[in-house]
Amino acid sequence: MATRPISLVLLTVILLAVIYLVAFPDGGFKLFGSSPSCATGSTASSAIQLAGAVDVRVLIGIVTVPGAYERRALLRLAYSLQPRPVRAVVDVRFVLCAVDKEEDRILVSLEIIAHGDILVLDCTENMNDGKTYAYFSAVPRLFAGSPYDYVGKTDDDTYYRVASLADSLRGKARRDAYHGYLTPCHWRPEKQYMSGMGYVVSWDVAEWIAATPALRDDHDDWEDVNFGGWLRKGGRYKNVYNEEPRMYDYWDREMDNDVNCFRHEHTPDTVAVHKLKDRLKWARTLHYFNATQGLRPSKMYNVDLQNNIYRV
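Residues numbered from 1 in each chain as written. Predicted model: local features only at pLDDT ≥ 70, side-chain atom pairs only at ≥ 80, totals over all residues. Heavy atoms only, no water.

A. Quick look at the packing of aromatic side chains. By the definition in use, this model includes 14 aromatic pairs. Pairing Tyr135 with Phe136 gives two aromatic rings, centres 4.9 Å apart and planes at 65°, and the pair type is edge-to-face. Like Tyr135, the residue Phe136 is buried in the burial classification. Both rings, one in Phe136 and one in Phe227, keep their centres 5.0 Å apart while their planes meet at 45°; by these two values the pair is tilted. Of this pair, Phe136 sits in helix α5 (residues 131-142) while Phe227 is found in helix α8 (residues 223-233), placing the two residues 91 residues apart along the sequence. Phe227 carries the same exposure label as Phe136, and that label is buried. Each residue in the set Tyr133, Tyr135, Phe136, Tyr178, Tyr199, Phe227, Trp230 and Tyr237 is aromatic and connected to the rest through ring pairs, giving one cluster. The aromatic ring of Tyr148 is capped on one face by Arg57, whose charged end is 4.5 Å from the ring centroid. Taking NZ or CZ as reference, Arg232 lies 3.9 Å from the ring centre of Tyr237, over its face. (Phe/Tyr/Trp six-rings, centres within 6.5 Å; stacked < 30°, edge-to-face > 60°. Buried < 20%, exposed > 50% of the residue type's maximum accessible area, 1.4 Å probe, protein only. Helix = DSSP H or I, 4+ residues; strand = E, 2+ residues; numbered from the N terminus. Lys NZ or Arg CZ within 6 Å of the ring centre and 35° of its normal.)

Structure follows, in structure tokens:
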């Protein structure tokens, strides 16, 4: 009976060794895979780039934790089924710190093999204690040979509509750009910052963060507050693009909260929706944006989405 646990340990070691050799060939971490499932522009991007049509390239990092398997599965579906952005490449990656639990080491390794869309940073998992710095400072090194125009960070309860995001960035400054939802809304401009629901900066800002190690320990507040403070102190708070009301928190008529400047019903020109904390909010959001439009009649099922009825 002792051979079973020994075999399991051996299998674990072999699997992690393979992942390490594939993912860390130079002794560091890197972006996994060449055609990840969440790279919304990747499958068509090669042909588009050869034709010279791509005019904006964006990397979005979804900050999440190793154990959030169901949320990552949902996000993969939500992003992979979105319409392709026109003349744009928007690559979406999940951002984790070091994976230390036994079950997560194995299961995250399987995700990496299957999907190739996970970036593992050299940090201890946290929200406001340096993970944002670790992400933005790593990106310029990882993609030095093929830089993006813009680099973004978002939460795993936010749904970006990638075509709208690309359109909102098209024609914007490519230096010292800071894009998102300014909060507190309609307040003192000198105190505002982009909400952590999702913000995007130009590539040069990410390079500046990577070249400014003092920022590593400059985090005495919420991560989005700190990030805005970095840009102000570093003289990079210049080309600021506020996407209100196209970026907002989720709201529906069953909620007790009132509509306000940052929380309202869905709109067709949405860039991002935040506070999708449960399946129902995700389902209603995806239904509003016609995520199920690819569902076709079949003898395997009958479906009436309007009445939420599925029957064989």
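B. Region of the structure containing helix α9 (residues 279-288). Those residues of α9 not exposed but buried are Lys281, Trp282, Thr285 and Leu286. Down the axis, α9 shows its buried residues gathered within 125° of arc, on one side only. Measuring from the backbone nitrogen of Leu280 back to the side-chain oxygen at the start of α9 gives 3.1 Å, which picks out Asp278 as the cap. One or two positions beyond α9, positive phi appears at Asn290, with a value near 60°. (Arc of directions from axis to C-beta. Polar contact = N/O pair within 3.5 Å; in protein donor to acceptor, adjacent residues only side chain to side chain.)

C. Local environment of unusual backbone geometry. The residue after Thr183, namely Pro184, is reached through a cis peptide bond having omega -10°. Mapped onto the secondary structure, Pro184 falls in the loop between β7 (182-183) and β8 (193-194). In this structure, Pro245 follows Glu244 across a cis peptide bond, with omega equal to 5°. Relative to the helices and strands, Pro245 is located in the loop between β10 (239-242) and β11 (247-249). Here Lys275, not a glycine, exhibits a phi torsion of approximately 70°, which is positive. Checked against the element boundaries, Lys275 lands in the loop between β12 (272-274) and α9. Despite not being glycine, Asn290 shows a phi value in the positive range, around 60°. Examined against the element boundaries, Asn290 turns out to sit in the loop between α9 and β13 (302-304).

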